[in-house]
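# Examining the three-dimensional arrangement
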Amino acid sequence: MAEAKEAYISILEKKLAELTGIEVDQIKKNQFANAANEAVAIREMASYVEGIVVQQAGVAQAGTVSPQIAQMFAHINAELGEERGAHALPPLKYDFNALEPHISGMIMEIHHTKHHQGYINNIIAATKKLVEAEAASDVNAMNALLPAIKFNGGGHLNHTIFWTNMAPDAGGEPEGAIAQAIDDSFGSFQSFKDKFSAASVGVKGSGWGWLGYCPNNNKLEIATCQNQDPLQITHGLVPLLGLDVWEHAYYLQYKNLRADYVKAFFNVINWPNVNERYEKACKDAGH
């Protein structure tokens, strides 16, 4: 397995060198540097959680706990059925290389088993510290944990949705209720595709492109979120289709050509999954 990976990397790097004129060694440095960005962010958030000191009961100050803490765990529970702190890596429903040639198996394996697992490790650690803070009635410590809970809880939630939004032998145009909703909200599928692509390509730095459902006006909307901010808390939309545009999600294969990655994503969209999410969101909203 390891030898196969090395051979794959070698072939890919040679092809990139041919296309770009950049030396293989430099390509490798760029790949590792960009793939490491999220890993660094995950490690930094782990250190942040460790650094929060919970005051002893009677010393801690009273106050109001941010409602976003409970909201984050509620959204995770709704998607995965997980209770607070009992989080695990959801298995993929397809092989790592099943989305090739659009998304490489190596990217999928690293993304799923390393990056996603990192968010899970951190949300578990943050939950343990949250329980400690709750026992001491330390509201300041609880609220100090909010960035870690949103970042890591959002990373867990967003990636879980992302994996189900993709499938082998997928793509094309949607059918069913979601197809009609896209036409009603954007005029046509092509119009939606253009707007979703532009929004996703245009995310500044790291983040996500989303197709969401607004339960208030019963319409679809396109939105973007920075880093791992969850769509529900950020925009009040129900997530239907998410695209990870952190560089680690595509750099090994598409280098800095995010637009090419976004274009390729449309070849693996699991529209039945998106349609199922849409129908459930409409039902939950009473529409």
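This is a predicted model, so every value here is computed, not measured. (Residues numbered from 1 in each chain as written. Predicted model: local features only at pLDDT ≥ 70, side-chain atom pairs only at ≥ 80, totals over all residues. Heavy atoms only, no water.)

It is worth spelling out the pairing of strand 3 (residues 238-244) at this point. Within strand 3, six of the seven residues are buried, which leaves the element mostly enclosed by the surrounding structure. Pairing analysis gives six bridges linking strand 1 (residues 207-214) to strand 3, with the strands arranged antiparallel. Within strand 3, the residue paired with Trp-210 across the bridge is Gly-242. (Buried < 20%, exposed > 50% of the residue type's maximum accessible area, 1.4 Å probe, protein only. Helix = DSSP H or I, 4+ residues; strand = E, 2+ residues; numbered from the N terminus. Pairing = 2+ DSSP bridges.)

This part takes up the nonpolar core. The biggest cluster of nonpolar side chains holds 69 residues, and the ones touching the most others in it are Met-166, Phe-192, Leu-220 and Tyr-261. Not counting the four nearest positions on each side in its chain, Leu-220 is found in contact with Ile-178, Ala-181, Ile-182, Ser-185, Phe-186, Leu-211, Gly-212, Tyr-213, Leu-240 and Tyr-278. (Core = buried A, V, L, I, M, F, W, Y, C linked by side-chain atoms within 4.5 Å. Contact = heavy atoms within 4.5 Å.)

Considering all chains together, one arrives at three salt bridges under this definition. For Lys-280, the salt bridge is made with Asp-284, and the minimal N-O distance between the two is 2.7 Å. Of this pair, Lys-280 and Asp-284 both sit in helix 12 (residues 271-285), separated by four residues, roughly a single helical turn. Each member of the pair, Lys-280 as well as Asp-284, carries the same accessibility label: exposed. (Salt bridge = Lys/Arg side-chain N within 4 Å of Asp/Glu carboxyl O.)

What follows covers the packing of aromatic side chains. In this structure the tally under the stated criterion is 17 aromatic pairs. An angle of 90° between the planes, with centres 6.0 Å apart, marks the rings of Phe-196 and Phe-266 as edge-to-face. Separated by 70 residues along the polypeptide, Phe-196 in helix 8 (residues 189-201) and Phe-266 in the loop between helix 11 (258-265) and helix 12 bring together distant segments of the chain. Both residues of the pair, Phe-196 and Phe-266, count as buried. Ring centres of Tyr-250 and Tyr-261 lie 4.9 Å apart, and the angle between their planes is 20°; this geometry places the pair in the stacked category. Of this pair, Tyr-250 sits in the loop between strand 3 and helix 10 (251-254) while Tyr-261 sits in helix 11; the two residues are 11 residues apart in sequence, bridging distant segments of the chain. What makes Tyr-250 buried here is its relative accessible area of 2%. Cluster of aromatic residues (ring-pair linked, three or more members): Phe-162, Trp-163, Phe-186, Phe-189, Phe-192, Phe-196, Trp-208, Trp-210, Phe-265, Phe-266 and Trp-271. The ring of Phe-73 has Arg-84 sitting right over it, with the charged end atom 5.9 Å from the ring centre. For Lys-193, the ring lying beneath its charged end belongs to Phe-266, and the centroid distance is 5.1 Å. (Phe/Tyr/Trp six-rings, centres within 6.5 Å; stacked < 30°, edge-to-face > 60°. Lys NZ or Arg CZ within 6 Å of the ring centre and 35° of its normal.)

This part takes up the sheet that holds strand 1. Reading across the sheet, the three strands line up as 2-1-3 and stay open at both edges, with antiparallel pairing between neighbours. Unpaired on one side and paired on the other, strand 2 (219-226) and strand 3 mark the two borders of the sheet. Strand-to-strand twist of the sheet, defined as the mean angle between neighbouring strand axes without regard to direction, takes the value 25°. Bridge count for strand 1 against strand 2 is eight bridges, and the pairing is antiparallel. Bridging across to strand 2, Trp-208 finds its partner in Cys-225. (Axes fitted to C-alpha atoms, helices over the stretch in contact; angles between N-to-C directions.)

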